[in-house]
Amino acid sequence: MPPRRSHKKSRAGCRRCKSRKIKCDEVHPRCGGCVKHAVACDFENPSVLVDILAAEAAMSPLSPSVAATSPSTPAASIDFGSFPGPSAPATPLYRTPSTPGLSSTTPPGHRLLELRLMHQYTAMTCKTITFTAPVTEEIWSITVPNLAFSGSQHLADAILAVAALHLRSITPNDRELVRASHAYMAATLAEYSAALTKGIDHTNAESLFLTSALIAFQSTATRVFMKDELSIEGSSGMDLGGKDRQSSAAGSYTIPFSWFHSFQGVKAITAASWQYLRVSPVATQVINSQAVLQLDFSAGPDTFFGHLLDGLDEELAALGSDSSSPNINLYPPMGNGAPPEGERRGSASADPALIASTRQAYQHAVAVLNWAHKIPHKGAPLAFPATVSRRYIELLEERQPRALAILACFFALLKSMDRVWWLQGMARREVLGVVSIFNSDFFGPEAYREWWPHLEWAMQIALYEHTGSGPIPTDVWGADWYAEEAALARGQEPGGYFRHIELLSQMVSPINSIPPVPPD
């Protein structure tokens with residue numbers, strides 16, 4: 001038997017050769033075995049030790065020392081100091097992305113919330129915005145997020161705000177979503193206001209228009225979660241006599257003025273930036289997807305809501321006459337007191353322009369109701385807060401009974417969209433709230449009896465339990481939706497809603513006020 005040849009053992013070989021149980025030639029910076037097999041050598045790159053050890057752990061039983069280590073311990077935390085070769089820190093297999101979040105409002109460590117909200121918006125929320133105009137779904141689901149990603153911070157925050165609100169409707173007790181919906185919308189309003197202050201141009205007109213629409217949407221949807229306030233108050237929280245009404249009118253209804261302010265903001269932004277929006281494919285498609293206003297200003301029994309103008313001539317005549325007229329109550333008494341002498345509307349010095357604007361405000365509001373009543377399934381009632389005049393909003397702030405009766409009928413029209421999450425239950429709650437003002441000490445029993453005939457239809461619709469999937473029956477609603485839609489289509493002038501905005505942009509000046517974030 002021939003003698004065994006002597007050989008030198010490798011005691012400082014690379015880890016890869018040791019794991020393969022072959023002799024390493026210990027050549028640096030890369031041993032011969034690793035060169036031959038065209039693999040990385042830990043002499044040259046110590047970071048490959050992570051992969052090698054992971055492979056060994058998967059192929060062999062755990063040693064007692066390794067078994068004591070938690071399975072979740074990162075490989076980069078293992079001490080490699082006992083292995084020969086150049087010392088260098090191990091490269092982790094995963095690094096936390098250094099890219100900032102979509103919104104600066106997102107708290108550190110809450111990136112998953114942001115991703116959750118964006119997924120909710122693109123997968124579900126955007127479809128509930130476009131339920132009356134499916135042709136714009138691609139714009140709201142794809143184009144709008146892309147505009148936000150391009151650097152429009154106010155648009156990004158608005159998207160996250162409405163998505164949080166939608167998720168909140170599914171899980172109303174999730175406090176994180178409550179905080180998120182308010183925080184993102186507060187940031188939206190601040191950034192939106194700052195952008196408007198800098199001015200509108202071709203670079204931001206599109207994103208400002210879309211943000212204003214999302215603000216109006218959020219303002220409406222927030223009402224679903226709000227409890228009725230404990231006071232009758234205007235935007236200032238004070239009555240027209242300058243006194244706090246909370247103590248004397250506890251438990252009464254609050255008019256959602258934020259709806260009107262936010263929708264009027266959309267109208268103002270559209271008019272102010274029309275020179276840029278009119279050439280924007282995105283804006284024009286969104287605008288033309290809306291039902292075209294076809295208003296009939298004739299009054300009387302020939303129109304469904306013509307009764308809301310009954311007695312208007314006498315009321316306006318009293319407005320321009322001496323305040324002692326016994327039959328007119330344009331400025332109704334509040335409790336035991338009357339408005340200060342200087343604030344009485346029924347004075348002999350009433351401005352003729354005020355009388356004319358009051359007439360026009362009522363006639364225009366009733367005309368919008370008549371049109372929306374015919375095609376509510378097309379989203380027409382939602383045009384009401386955007387199209388009514390500023391004078392009508394002033395009359396609401398003054399709690400004029402005619403303005404309130406018109407408001408009750410508008411809310412009743414929303415019953416046609418009761419299945420949409422951000423309008424669900426709205427008609428019932430708001431109509432009952434408006435009627436409660438009439439049926440309180442705010443006006444007195446005489447006003448309630450006088451105005452009940454004008455509120456009866458709104459109450460009937462608000463309390464109606466519609467169980468079918470189709471339109472509300474004609475004998476209940478008072479109109480055949482699809483027949484009226486066909487009739488309006490035959491009489492529609494060419495140009496669509498685009499033409500209406502062209503005229504509006506020449507008449508409306510921008511509104512500088514930004515709606516506040518509604519309280520929870």
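Counting of residues starts from 1 at the beginning of each chain's written sequence and follows it residue by residue. Predicted model: local features are reported for residues with pLDDT of at least 70 only, side-chain atom pairs are reported and counted for 80 or more only, and whole-chain, interface and lining totals are derived from all residues. In computing side-chain properties, one takes all heavy atoms of the structure into account and sets aside hydrogens as well as water.

A look at the side chain of Thr303
Definition in use: By definition, any uninterrupted DSSP run of H or I lasting at least four residues is a helix, any uninterrupted run of E lasting at least two residues is a strand, and each is numbered from the N terminus. Distance and chemistry together define a polar contact, namely a pair of N or O atoms within 3.5 Å, with one atom able to donate a hydrogen and the other to accept it when in protein, and with adjacent residues in sequence counting only for side-chain atoms on both sides.
Relative to the elements of secondary structure, Thr303 occurs in the loop between helix 12 (281-288) and helix 13 (312-319). Within polar-contact distance, the side chain of Thr303 engages the backbone nitrogen of Gly306 at 3.2 Å.

Quick look at helix 9 (residues 205-222)
Note the following rule: Here, expected helix span is obtained from the residue count minus one, scaled by 1.5 Å. Three labels apply to residues, based on accessible area from a 1.4 Å probe with only protein chains included: buried if under 20% of the type maximum, exposed if over 50%, partly exposed otherwise in between.
Over its 18 residues, helix 9 runs 26 Å from end to end, which matches the ideal 26 Å to within 8%, given 1.5 Å per residue. In terms of burial, helix 9 is a largely internal element, 16 of the 18 residues being buried.

Side note on the nonpolar core
Under the convention used in this document: Working definition of a nonpolar core: buried Ala, Val, Leu, Ile, Met, Phe, Trp, Tyr and Cys residues. They are joined through side-chain atoms within 4.5 Å.
Core analysis: the biggest nonpolar cluster contains 116 residues, and Trp371, Phe384, Tyr392 and Leu407 have the highest contact counts within it. Cys17, Cys31, Cys34 and Cys41 belong to the second-largest nonpolar core, a separate cluster that totals seven residues.

Looking at the UniProt feature "domain: Zn(2)-C6 fungal-type" (unreviewed entry) in the protein
Spelled out, the test is: UniProt positions are given in the numbering used here, feature names are shortened, and annotations may be inferred rather than shown by experiment.
The residues that UniProt annotates with the feature "domain: Zn(2)-C6 fungal-type" (unreviewed entry) are residues 13-43. Spanning residues 13-43, this segment combines 35% helix with 0% strand, and its end C-alpha atoms are found 9 Å apart.

Thoughts on the packing of helix 9 against helix 10 (residues 257-272)
For any two helices packed against each other, the geometry is given by the interaxial angle and the distance between the axes. Basically, it comes down to this: The convention used is that axes are lines fitted to C-alpha atoms, helices contributing only their stretch in contact, and that angles between N-to-C directions extend from 0 to 180 degrees. Orientation is classified from the angle alone, with under 35 degrees giving roughly parallel, over 145 giving roughly antiparallel, 65 to 115 giving roughly perpendicular, and any other angle giving oblique. Each helix crossing is assigned a hand: it is left-handed if the near helix lies turned anticlockwise from the far helix by less than a right angle, otherwise right-handed if that turn is clockwise. It only takes one pair of heavy atoms within 4.5 Å for two residues to be counted as in contact. Each residue gets one label: Ala, Val, Leu, Ile, Met, Phe, Trp, Tyr, Cys and Pro are nonpolar, Asp, Glu, Lys and Arg are charged, and the others, such as Gly, are polar.
In the contact formed by helix 9 and helix 10, the axes pass within 9 Å of each other and the chain directions differ by 165°. In terms of orientation, helix 9 and helix 10 fall into the roughly antiparallel class. As for the relative orientation of helix 9 and helix 10, their crossing is left-handed in sense. Counting all contacts with helix 9, which are made through Leu208, Phe209, Ser212, Ala213, Ile215, Ala216, Ser219 and Thr220, the residues of helix 10 involved are Ser258, Trp259, Ser262, Phe263, Val266, Ile269 and Thr270. Across the contact of helix 9 with helix 10, the residue classes break down as nine nonpolar, six polar and no charged.

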